[in-house]
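Listed here are the chains, written in short residue letters.
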Amino acid sequence: GAVVSQHPSWVICKSGTSVKIECRSLDFQATTMFWYRQFPKQSLMLMATSNEGSKATYEQGVEKDKFLINHASLTLSTLTVTSAHPEDSSFYICSAGRWGQGAGLAGTEQYFGPGTRLTVT
Amino acid sequence: QKEVEQNSGPLSVPEGAIASLNCTYSDRGSQSFFWYRQYSGKSPELIMSIYSNGDKEDGRFTAQLNKASQYVSLLIRDSQPSDSATYLCAVIVIKAAGNKLTFGGGTRVLVKP
């Protein structure tokens, strides 16, 4: 259990265009979904947290107008990179949160999708 | 001081030996602790979660949590070349704005045949 899919797995786009990435929890309903970015040889960087039916919470320094997040249901969240530029090229990974057994109040376990490699030319 | 600290490695381990990974965290209010494995070019995979002091075993993996000393460790028994990856320690840090999963920088493990 706890399978998360992401689509597409990779995308190449031209500078100035927009790209949409889908994240789905396949066998569970996710209380919360998260979007991360990872540059080569660096650690994961949380971009935003989203709950179904409400606005996403963005981390400091992440442009909410550039990275649009929609959390339409308990199993689907989308990230749209608007007006992409070469510096947006990165590995984008979503995760879906599920309550861990015996975890207590802070026990959301995050299960990651396979990631989307975005290259902007 | 980083919220979650790990030795970056690489930790070189002969096949069949025990790999021992350590992680320390700074926030005493942290309640939930996780180990993820990340292969190069892939996304992280949750391998262990631990919420209370003591040991938790799952197959060849054992997680150990000591809240008083603010450290969590991961032991990999009978290490295999397929265990070669970066292991990320992650902690849920309690913040006023909401709980947040915070990652350490990861420890790279190399298992040599």
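Let me begin by describing the structure that accompanies this report. On a predicted model such as this, the values are computed, not experimentally measured, just so you know.

**Some words on the overall build of chain A**
Part 1: Within chain A one finds zero helices and eleven strands.
Part 2: Walking chain A from its N terminus toward its C terminus, one meets helices and strands in the order β-β-β-β-β-β-β-β-β-β-β.
Part 3: Relative to its length of 121 residues, chain A is compact, with a C-alpha radius of gyration of 14 Å against a globular reference of 14 Å.
Part 4: Out of the 121 residues belonging to chain A, those deemed buried represent 53%.

**So, the nonpolar core**
Part 1: Counting 43 residues, the largest nonpolar core has Y36(A), F67(A), L118(A), F34(B), Y36(B), L101(B) and F103(B) as its most contacted members.
Part 2: Of all the elements, strand 9 (residues 90-99) of chain A adds the most residues to this core, at five residues.
Part 3: Among residues more than four places away in sequence, those in contact with L118(A) are V11(A), C13(A), V19(A), V81(A), D88(A), S89(A), S90(A) and Y92(A).
Part 4: Core analysis: the next-biggest nonpolar cluster, separate from the first, contains 24 residues, W35(B), Y87(B), V91(B) and V93(B) among them.

**As for the state of the cysteines**
Part 1: By the definition in use, this model includes two disulfides over all chains.
Part 2: Across the disulfide, C23(A) is cross-linked to C94(A) (sulfur-sulfur distance 2.0 Å). Taking the sign of the torsion about the S-S bond as the criterion, the disulfide between C23(A) and C94(A), at about 80 degrees, is right-handed. With C23(A) in strand 3 (residues 19-25) and C94(A) in strand 9, this pair connects stretches of sequence that are 71 residues apart.
Part 3: The disulfide partner of C23(B) is C89(B), and the gap between their sulfur atoms is 2.0 Å. Of note, the bridge from C23(B) to C89(B) carries an S-S torsion of about -70 degrees and is left-handed in sense. Of this pair, C23(B) sits in strand 3 (residues 19-25) while C89(B) sits in strand 9 (residues 85-93), and the two are 66 residues apart along the sequence. C89(B) shares its class with C23(B); the two are buried.
Part 4: C94(A) supplies the cysteine sulfur nearest to C13(A), a cysteine that is in no disulfide, at a spacing of 18 Å.

What counts and what doesn't
Residues numbered from 1 in each chain as written. Chains lettered and ligands numbered in written order. Predicted model: local features only at pLDDT ≥ 70, side-chain atom pairs only at ≥ 80, totals over all residues. Heavy atoms only, no water. Helix = DSSP H or I, 4+ residues; strand = E, 2+ residues; numbered from the N terminus. Rg over C-alpha atoms; globule rule 2.2 N^0.38 Å. Buried < 20%, exposed > 50% of the residue type's maximum accessible area, 1.4 Å probe, protein only. Core = buried A, V, L, I, M, F, W, Y, C linked by side-chain atoms within 4.5 Å. Contact = heavy atoms within 4.5 Å. Disulfide = S-S within 2.5 Å.

Any functional reading would require information beyond the geometric quantities listed.
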